[in-house]
Amino acid sequence: MRSASPHHVIITGASTGIGRALAHAFAGPGVTLGLVARQAELLEACAQACRAKGAHVLTAALDVRDAAAMAHWLDYFDAKHPVDLLIANAGVASTLAHANDWEGSERTAQIVDTNFTGALNAALPVIERMRLRRRGHIALISSIAALRGMAISPAYCASKAALKAWGDSVRPVLARDNIRVSIVLPGFVKTAMSDVFPGDKPFMWSAEKAAHHIQGRLQKGRAEIAFPGMLAFGMRLLTLLPAALADAILGRMSYLPREER
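These remarks concern the structure in this document. (Residues numbered from 1 in each chain as written. Predicted model: local features only at pLDDT ≥ 70, side-chain atom pairs only at ≥ 80, totals over all residues. Heavy atoms only, no water.)

## A word on the overall build of the chain
- A tally of regular secondary structure across the chain gives 9 helices and 9 strands.
- Against the compact-globule benchmark of 18 Å for 261 residues, the chain has a radius of gyration of 18 Å, which places it among compact chains.
- Taken along the three principal axes of its C-alpha coordinates, the chain extends 55 × 40 × 30 Å.
- Of all 261 residues assigned to the chain, the portion counted as buried reaches 50%.
- The contacts of the chain with a sequence gap of at least 6 include a subset with a gap of at least 24, amounting to 70%.
- Of the roughly 11900 Å² of accessible surface on the chain, 57% is carried by carbon and sulfur atoms.
- The distance from the centre of the 29 positive side-chain charges to the centre of the 21 negative ones in the chain is 9 Å. (Helix = DSSP H or I, 4+ residues; strand = E, 2+ residues; numbered from the N terminus. Rg over C-alpha atoms; globule rule 2.2 N^0.38 Å. Buried < 20%, exposed > 50% of the residue type's maximum accessible area, 1.4 Å probe, protein only. Contact = heavy atoms within 4.5 Å. Areas by Shrake-Rupley, 256 points an atom, 1.4 Å probe, with all protein chains shown as cover. Lys, Arg positive; Asp, Glu negative; His and termini not counted. Charge placed at Lys NZ, Arg CZ, Asp CG, Glu CD.)

What follows is the structure in structure tokens.
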């Protein structure tokens, strides 16, 4: 079912990459954007570009891991501009550089706290207010890596899989309050994050192409948005294979850390 165009939109991780491209895509006359990111200068540059397109923009230089600060600002924004759409996009990547590299507890916690807990720190305060209004839309930017873990990025895959599982779990519950939940599973998108990824990057999209694709599918109310199609199909197929065979395929695709990296 196609939904009305959102007028009040919050996007986390809006200073770079997909988040910035989404801000530009949603910006326009009659739209109020709430943009959240850690890097104040880059965030303001994004805000200025969105204002030039006619949008009213509020910004917050926040770390999504700070639950109290996030809740305070989200409540402030929502009180003035009841949120139609929240896009929990902020995230960080981690890859194993070589076979002797390892993600210990501190490194793993940083990734999970940002990609999973940080997304919930954005979504939960807004959901509470949406439930009172009995309307709204939550979009969780997970990853195609949530479909099948890769040895080259254990913590990242785990955090994105957890986010997908949480979204799948709450979607039917929130539907009772007329709140939609969409889980976005991007493949490789040309960003600073993908630039440092050491493995193969098939079917890579630009951030702008990804943003417009996400925007269009959100407008149609899609519960899951996975792209590009061939990569999503391949990752789903891996889950049907014996684990050893799937591991071997991913290893041949350079998704297994090796000494020469």
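## Observations regarding helix H4 (residues 105-133)
- With 29 residues, H4 ought to run about 42 Å at 1.5 Å a step, and its terminal C-alpha atoms sit 40 Å apart, in line with that.
- Looking at the residues trailing H4, positive phi occurs at arginine 134, about 60°. (Expected span 1.5 Å × (residues − 1).)

## Observations concerning the side chain of aspartate 101
- The topology assignment puts aspartate 101 in the loop between strand S4 (85-88) and H4.
- Separated by 3.1 Å, the side chains of aspartate 101 and arginine 107 make a polar contact.
- Once residues lying within four places of it in the same chain are set aside, the contact partners of aspartate 101 are Thr95, Leu96 and Arg107. (Polar contact = N/O pair within 3.5 Å; in protein donor to acceptor, adjacent residues only side chain to side chain.)

## Brief notes about helix H7 (residues 207-219)
- Its 13 residues place the ends of H7 18 Å apart at the C-alpha level, agreeing with the 18 Å of an ideal helix rising 1.5 Å per residue.
- Inspection of H7 places Ala207, Ala210, Ala211, His213, Ile214, Leu218 and Gln219 among the buried residues, and these make up the whole buried set.

## Remarks on the pairing of strand S1 (residues 8-12)
- Of all 5 residues that make up S1, 5 are buried, and the element is covered over most of its length.
- Burial of S1 is two-sided: the residues His8, Ile10 and Thr12 facing one way and the residues Val9 and Ile11 facing the other way are all buried.
- Of the pairings in the sheet, the one linking S1 to strand S2 (residues 32-37) comprises 5 bridges and is parallel in character. Paired with valine 9 across the two strands is leucine 33, which belongs to S2.
- Tracing the backbone out of S1, into helix H1 (residues 17-26) and back to the parallel element S2 gives a crossover that is right-handed.
- Bridging between S1 and S4 involves 3 bridges; their strand directions are parallel. Considered in S4, the bridge of isoleucine 10 is made with leucine 86. (Pairing = 2+ DSSP bridges. Right-handed = clockwise from strand over helix to strand, strands pointing away.)

## Quick notes on the sheet that holds S1
- Read across the open sheet, the 7 strands follow the order S3-S2-S1-S4-S5-S6-S9; overall the sheet is parallel. The sheet terminates laterally at strand S3 (56-61) and strand S9 (224-227), the two strands that pair on one side only. Averaged over all pairs of adjacent strands, the angle between strand axes in this sheet comes to 15°, irrespective of strand direction.
- Sheet topology note: the S4/strand S5 (residues 136-141) ladder contains 4 bridges and is parallel. The residue bridging leucine 86 from the neighbouring strand is isoleucine 138, located in S5.
- Along the sheet face, helix H2 (residues 40-52) touches S2 and S3 and points at about 175° away from the line of S3. (Axes fitted to C-alpha atoms, helices over the stretch in contact; angles between N-to-C directions.)

## Some remarks on the packing of helix H3 (residues 67-80) against H4
- Taken N-terminus to C-terminus, the directions of H3 and H4 make an angle of 35°; their axes are 8 Å apart at the nearest point. Like other packed secondary-structure pairs, H3 and H4 cross with a definite hand, here right-handed. For the pair H3 and H4, the contacting residues are Ala67, Met70, Ala71, Leu74, Asp75, Asp78 and Ala79 in the first and Asn121, Ala122, Pro125, Val126, Arg129 and Arg133 in the second.
- Here the contact of H3 with H4 is composed, by residue class, of 8 nonpolar, 1 polar and 4 charged. (Left-handed = near helix turned anticlockwise from the far one by under 90°. Nonpolar A, V, L, I, M, F, W, Y, C, P; charged D, E, K, R; others polar.)

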